[in-house]
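# Chain and residue survey
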Amino acid sequence: MREFNETISFIRDYYNTKEFIPLHEPKFGGNEKKYVLDTIASTFVSSVGAYVDKFEERMQRISQTKNAVAVVNGTAAIQVALRLVGVQKGDEVLTQALTFVATANAIAYNNAKPVFLDVDLDTMGLSPIAVQNFLEEYAELREEGCYNKKTGNKIAACLPMHTFGFPVHLHKLLKICNEWKIPVVEDAAESLGSEYNGKPTGGYGEVGAFSFNGNKIVTSGGGGALVTNNNALGKKAKFLTTTAKKPHTYEYVHEELGYNYRMPNLNAALACAQLENLNNFIENKRNLAEKYAHFFEKQQLKFRTETPNTKANYWLMCVELKDRQQRDLFLEKTNAVNVMTRPIWQLMYKLPMYKECLRDKQVNAEFLEDRIVNIPSSVK
Ligand SMILES: *Cc1c(COP(=O)(O)O)cnc(C)c1O
């Protein structure tokens, strides 16, 4: 098909290469080597060190929150975030089915049950309307919190995910969850630097979780961070992720089940260097997004752009194909010539481990699952 050839040429011209073009590759053009070598020279490569502290300070600033805690990866960050807001065994957590599997896994690691609700077509993230409809039908407010009348389980948290860096409709979602006394944890793994109403994502919920995996907008090799404005939760986050060790001069005192989820100083060093370039990366990506938008308009293909009152980091950019058949053709043609493209995730309730989970109709999620394809989005 003619338009796919033009798309391929456009992407090849932009990245100016005849080689394989990945979806998203990390870019190291700053102080990465300097800081990493510095940890080796100091011998502080492991679980304590100046870069961990520096990284946490920087994450506070970037997310505009009062507390940030560095952890081993984004999945661990979400897992602990849910525990921090009180999620316990058998509880239900409202989330979207259109997400990366880690979102649902983090719920399952707490022995809690995901409830999959639909996304909005514009943001591709958890729909406040779907949440409202579900709560009106199923929920009951008791003194101890919100309960599902039909299952008897507590609805202990709501976990929206900002798909590809496009913020969900936070204002409406927070209002509904507040009315029903359900704490919100933001899976902001993909939206570092994205803004909603002029304020960064991740800092809106009770707790926010970020990922610094190699494919994200900036990377620590592997890593994650928890952020919160609640100082008590911030303290608890540090405590739980560092084996729940009570301060003592020489004794080992652990009175509660904690985790060894610390981010090594070696990784924090890499993250610190990368964060220095976050704004440049976002500018670079927004520039590419503008070029893509202009190009795809002529191709009569729908390039996904940010919604009103938001600023997206454009972590992974995407187009919406006409139907599943056209989507498959697009995937085939582009990958055949080494221009990497990928469909959006399979909906979580189609995976064997989440087949039995409670869910709503998923009209929008199914629509997007059939049509959305990620295209090369690396910083040039
Ligand atoms: C990447 C990602 C995670 C998990 O991050 P890791 O650091 O890989 O554990 C969680 N949720 C979403 C939506 C992600 O994209």
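Predicted model, so just to flag it, every value in this text is computed and none were measured.

Rules and cut-offs
Residues numbered from 1 in each chain as written. Predicted model: local features only at pLDDT ≥ 70, side-chain atom pairs only at ≥ 80, totals over all residues. Heavy atoms only, no water. Helix = DSSP H or I, 4+ residues; strand = E, 2+ residues; numbered from the N terminus. Rg over C-alpha atoms; globule rule 2.2 N^0.38 Å. Buried < 20%, exposed > 50% of the residue type's maximum accessible area, 1.4 Å probe, protein only. Contact = heavy atoms within 4.5 Å. Areas by Shrake-Rupley, 256 points an atom, 1.4 Å probe, with all protein chains shown as cover. Lys, Arg positive; Asp, Glu negative; His and termini not counted. Charge placed at Lys NZ, Arg CZ, Asp CG, Glu CD. 1 Å grid on protein atoms, 1.4 Å probe; cavity = no way out; pocket = protein on both sides within 12 Å on 5 of 7 lines; lining within 4 Å. Points joined across faces, edges and corners; volume = space filled by probe spheres on them. Nonpolar A, V, L, I, M, F, W, Y, C, P; charged D, E, K, R; others polar. Patch = residues over 30% accessible without salt bridge, like charges linked within 9 Å, V, L, I, M, F, W, Y side chains within 5 Å. Salt bridge = Lys/Arg side-chain N within 4 Å of Asp/Glu carboxyl O. UniProt positions renumbered as here; feature names shortened; annotations may be inferred. Pairing = 2+ DSSP bridges. Axes fitted to C-alpha atoms, helices over the stretch in contact; angles between N-to-C directions. Expected span 1.5 Å × (residues − 1). Core = buried A, V, L, I, M, F, W, Y, C linked by side-chain atoms within 4.5 Å.

## Looking at the overall build of the chain
- If you tally the helices and strands in the chain, you get 12 helices and 16 strands.
- Taken over C-alpha atoms, the radius of gyration comes to 21 Å for the chain, in line with the 21 Å a tight globule of 380 residues would show.
- For the chain, the spread of C-alpha atoms along the principal axes amounts to about 70 × 60 × 35 Å.
- Burial analysis of the chain (380 residues in total) assigns 56% to the buried set.
- Pairs at least 24 apart in sequence give 70% of the contacts found in the chain among residues at least 6 apart.
- Taken as a whole, the chain presents about 17,000 Å² of accessible surface, with 49% of it coming from carbon and sulfur.
- If you average the places of the 46 positive and of the 43 negative side-chain charges in the chain, the two averages end up 2 Å apart.

## Things to note about empty space enclosed by the protein
- What the rule picks out here adds up to one cavity of 30 Å³ or more.
- Roughly 30 Å³ of volume is contained in the largest cavity.

## Observations concerning the layout of surface pockets
- What the largest pocket holds in volume is close to 500 Å³.
- When residues of the lining of the largest pocket are traced back to their parent elements, those giving at least two are helix H4 (74-84), helix H5 (101-109) and strand E15 (342-343).
- With three residues, the single largest contributor to the lining of the largest pocket is H4.
- If you add up the space inside the second largest pocket, you get close to 250 Å³.
- Looking at the second largest pocket, it is lined by 15 residues, and the ones nearest its centre are Asp118, Ala130, Asn133, Asp360 and Lys361.
- Listing elements by their share of the lining of the second largest pocket, those giving two or more residues are helix H6 (128-138) and helix H12 (363-371).
- Here the lining of the second largest pocket gets six residues from one element, more than from any other, and that element is H6.
- A per-class count over the lining of the second largest pocket returns six nonpolar, four polar and five charged.

## A look at a nonpolar patch on the surface
- Residues Leu37, Ile40, Val45 and Leu266 make up a contiguous nonpolar surface patch of roughly 330 Å² in combined accessible area.
- Along the chain, Val45 falls in the loop between helix H2 (32-42) and helix H3 (50-63).
- Judged by relative accessible area, Val45 falls into the partly exposed class, the value being 32%.

## So, the UniProt feature "modified residue: N6-(pyridoxal phosphate)lysine" (unreviewed entry) in the chain
- As annotated in UniProt, the feature "modified residue: N6-(pyridoxal phosphate)lysine" (unreviewed entry) corresponds to Lys216 in the numbering used here.
- Those residues in contact with Lys216 that lie beyond four places of it in its chain are His24, Ala189, Glu190, Ser211 and Trp315.

## With respect to the sheet that holds strand E6 (residues 155-159)
- Pairing is parallel in the open sheet, where three strands are placed in the order E3-E2-E6. Strand pairing shows two members of the sheet lacking a second neighbour, strand E3 (113-117) and E6, which therefore form its edges. Averaged over all neighbouring strand pairs, the angle between strand axes comes to 30°, with direction disregarded.
- Where strand E2 (residues 92-96) meets E3, five bridges bridge the pair, whose relative direction is parallel. Residue pairing in the sheet places Leu94 in a bridge with Val115 of E3.
- Against the sheet, H6 makes contact with E2, E3 and E6, and its axis sits at roughly 120° relative to E3, the strand it touches most.

## Regarding the sheet that holds strand E7 (residues 185-187)
- Spatially, the four strands line up as an open sheet ordered E1-E11-E10-E7, and their pairing is mixed. Among the strands making up the open sheet, the edge pair consists of strand E1 (67-71) and E7. Each adjacent strand pair in this sheet contributes to an overall mean axis angle of 20°, direction not counted.
- Across five bridges, the pairing between E1 and strand E11 (residues 224-228) is antiparallel. Within E11, the position partnered with Ala70 by the bridge is Ala225.

## Side note on H3
- The terminal C-alpha atoms of H3 lie 20 Å apart, and with 14 residues this matches the ideal 20 Å at 1.5 Å per residue to within 8%.
- After H3 finishes, the residue Gln64 shows a positive phi value of roughly 50°.

## Concerning the pairing of strand E14 (residues 317-320)
- Side-chain alternation along E14 places Met317 and Val319 on one buried face and Cys318 and Glu320 on a second face that is also buried.
- The pairing of strand E12 (residues 302-303) with E14 spans two bridges and is classified as antiparallel. Each residue of the ladder has a partner; that of Phe303, found in E14, is Val319.
- When E14 meets strand E16 (residues 372-375), the two strands line up antiparallel, connected through four bridges. The partner of Cys318 across the bridge, within E16, is Asn374.

## Focus on the nonpolar core
- Core analysis: the biggest nonpolar cluster contains 74 residues, and Phe55, Met59, Phe164, Leu192, Phe212, Tyr292 and Phe303 have the highest contact counts within it.
- It is helix H10 (residues 278-299) that contributes the most residues to this core, eight residues altogether.
- Here Leu192 is in contact with Met59, Ile62, Phe210, Phe212, Ile217, Val218, Leu275, Leu278, Ile282 and Asn313, once residues within four sequence places are set aside.

## So, the pairing of E16
- Taking every second residue as pointing to the same face, both faces of E16 are buried, with Ile372 and Asn374 on one and Val373 and Ile375 on the other.
- Relative to E16, E15 runs antiparallel, the two sharing two bridges. Bridged to Pro343 within E16 is Val373.

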